[in-house]
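# Working through the structure, step by step
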Amino acid sequence: MISPLLALNDGHRMPQLGFGLWQVPGPVTADVTATALRLGYRLIDGAAAYRNEEGQGAGLRDSTLPRDQIFVTTKIWNSDQGFDATLRAAEASLARLGLDHVDLLLIHWPCPSRDLYPDTWHALIRLREEGRARSIGVSNFNEGHLQRIIGETGVVPVVNQIEINPRLQQPALRAFHAAHGIVTQSWTPLGQGRSFDAPPVLAAAARTGRSPAQIILRWHIQIGAAVIPRSTREAGLRENLNLFDFSLTDAEMAAIATLDEASRCGPDPAVFEMQ
Ligand code: NDP
């Protein structure tokens, strides 16, 4: 089943559901990407740091789908921040992908102590003007980082890709996104399985006959977030795609909301600086 499309603040549209490539081994990335596209995924979330952009590109070329029906994301890694370095890194990503443009280019992390993310954002604006990225956004930015780049450039990111799962719901940042027309895109959406046995998830699974993973992914869809689960199993890819023929009730959504404990699986963007 094909995902609904979300409107971006630059006039383009993006599939609400996609597929993520973090930790997908290079040699299987082409196969997994091609399988995902065959099953019905239309958004593939990659990054230079995942070291599998060649496979991502090969999987895209294996597909018979027209290029304009596939939404390709990649990200600028921390060590490539800064204006000129970002321009070079984007060209290197495009070469590895074998594409003349990506649909979405993100700054992977803000790395605030290096203070290069505003210059990096200026480079993304240039890349958009040059047609190398159709849309531009950020990842792991907090409200202060967003306010700074918006204040300095007047250009609002289309997306902020952040960690969201039932134990880390980030309501304040999501409200900021909503107020500024930024789409929230959830990474590690399944939260390392730590809510699979939570009573509200199990109750919704029992009522709908769906798996805990499907309940959690449907919760992302119903909070209005875009979501990019990863599975290297074809059965997992299929399962994670089947989210659009059932829905959670208001009571089920409210029960899952109570699971928030502001606890991360991944690093804290305020201090994460890995190069
Ligand atoms: P996910 O939350 O998507 O979980 C992936 C794990 O869950 C895998 O171990 C997978 O195993 C398992 N899984 C997948 N589907 C199911 C299912 N239906 N039932 C049970 N288990 C399942 O984690 P990720 O951390 O990969 O996040 C998703 C994507 O988000 C990444 O691939 C990446 O694209 C992006 N990301 C972005 C970050 C950023 O900083 N911007 C940081 C981290 C991730 P199996 O393969 O065996 O199915």
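What you see is a predicted model; the values in this text were computed from it and never measured.

Further remarks concern the site of the ligand. Surrounding the ligand, one finds 26 residues, the nearest of these being Asp45, Gln161, Thr188, Arg230 and Ser231. Between Trp22 and the ligand, the recorded distance is 3.0 Å, taken from a backbone N or O atom to an oxygen atom. Between the ligand and Asn140, the relevant distance is 2.9 Å, taken from an oxygen atom to a side-chain nitrogen or oxygen of the residue. Here the ligand, which alone exposes 900 Å², has 83% of that area covered by the protein. With respect to the detected pockets, the ligand is housed in the largest pocket. Of the residues contributing to the shell around the ligand, the split by class is 11 nonpolar, 10 polar and five charged.

Attention now moves to the pattern of salt bridges. Evaluation of the coordinates by the stated rule reveals 13 salt bridges. Two residues, Glu53 and Arg96, come together in a salt bridge whose shortest N-O distance is 2.7 Å. Here Glu53, found in helix 2 (residues 53-62), pairs with Arg96, found in helix 3 (residues 83-97); they are 43 residues apart in sequence, far enough to count as distant. We note a salt bridge from Glu252 to Arg207, for which the minimum N-O separation is 2.5 Å.

Once that is clear, we can look at the side chain of Thr29. Following the sequence through the fold, Thr29 ends up in helix 1 (residues 26-39). If near-sequence neighbours (up to four positions away) are discounted, Thr29 is found in contact with Leu21, Val24, Asn52, Gly55 and Gln56.

Okay, the layout of surface pockets next. Over the atoms a probe the size of a water molecule is rolled, and this reveals where empty space is left. Within this model, the largest pocket holds a volume of roughly 760 Å³. What lines the largest pocket is a set of 34 residues, among which Trp22, Gln23, Trp187, Thr188 and Arg230 lie closest to the centre. The element contributing the most residues to the lining of the largest pocket is helix 9 (residues 234-241), with three residues. Split into classes, the residues belonging to the lining of the largest pocket amount to 16 nonpolar, 14 polar and four charged. By volume, the second largest pocket amounts to about 210 Å³. Partitioned by chemical class, the residues of the lining of the second largest pocket number five nonpolar, two polar and five charged.

Overall, the coordinates contain one cavity of 30 Å³ or more when judged by the stated rule. Along its surface, the largest cavity is lined by Thr74, Ala90, Ser93, Leu94, Val102, Leu105, Leu127 and Arg132. Elements supplying a minimum of two residues to the lining of the largest cavity: helix 3 and strand 6 (102-107). For the lining of the largest cavity, the element with the most residues is helix 3, which contributes three residues. Of the residues that constitute the lining of the largest cavity, the class distribution is five nonpolar, two polar and one charged.

This brings us to the side chain of Thr184. Turning to its location among the elements, Thr184 is positioned in strand 9 (residues 183-187). Separated by 2.7 Å, the side chains of Thr184 and His177 make a polar contact. Not counting the four nearest positions on each side in its chain, Thr184 is found in contact with Asn160, Ile162, Ile164, Arg174, His177, Ala225 and Ala226.

Basis of the calculations
Residues numbered from 1 in each chain as written. Predicted model: local features only at pLDDT ≥ 70, side-chain atom pairs only at ≥ 80, totals over all residues. Heavy atoms only, no water. Near = heavy atom within 4 Å. Polar contact = N/O pair within 3.5 Å; in protein donor to acceptor, adjacent residues only side chain to side chain. Areas by Shrake-Rupley, 256 points an atom, 1.4 Å probe, with all protein chains shown as cover. 1 Å grid on protein atoms, 1.4 Å probe; cavity = no way out; pocket = protein on both sides within 12 Å on 5 of 7 lines; lining within 4 Å. Sits in = over half its atoms within 2 Å of the grid points. Nonpolar A, V, L, I, M, F, W, Y, C, P; charged D, E, K, R; others polar. Salt bridge = Lys/Arg side-chain N within 4 Å of Asp/Glu carboxyl O. Helix = DSSP H or I, 4+ residues; strand = E, 2+ residues; numbered from the N terminus. Contact = heavy atoms within 4.5 Å. Points joined across faces, edges and corners; volume = space filled by probe spheres on them.

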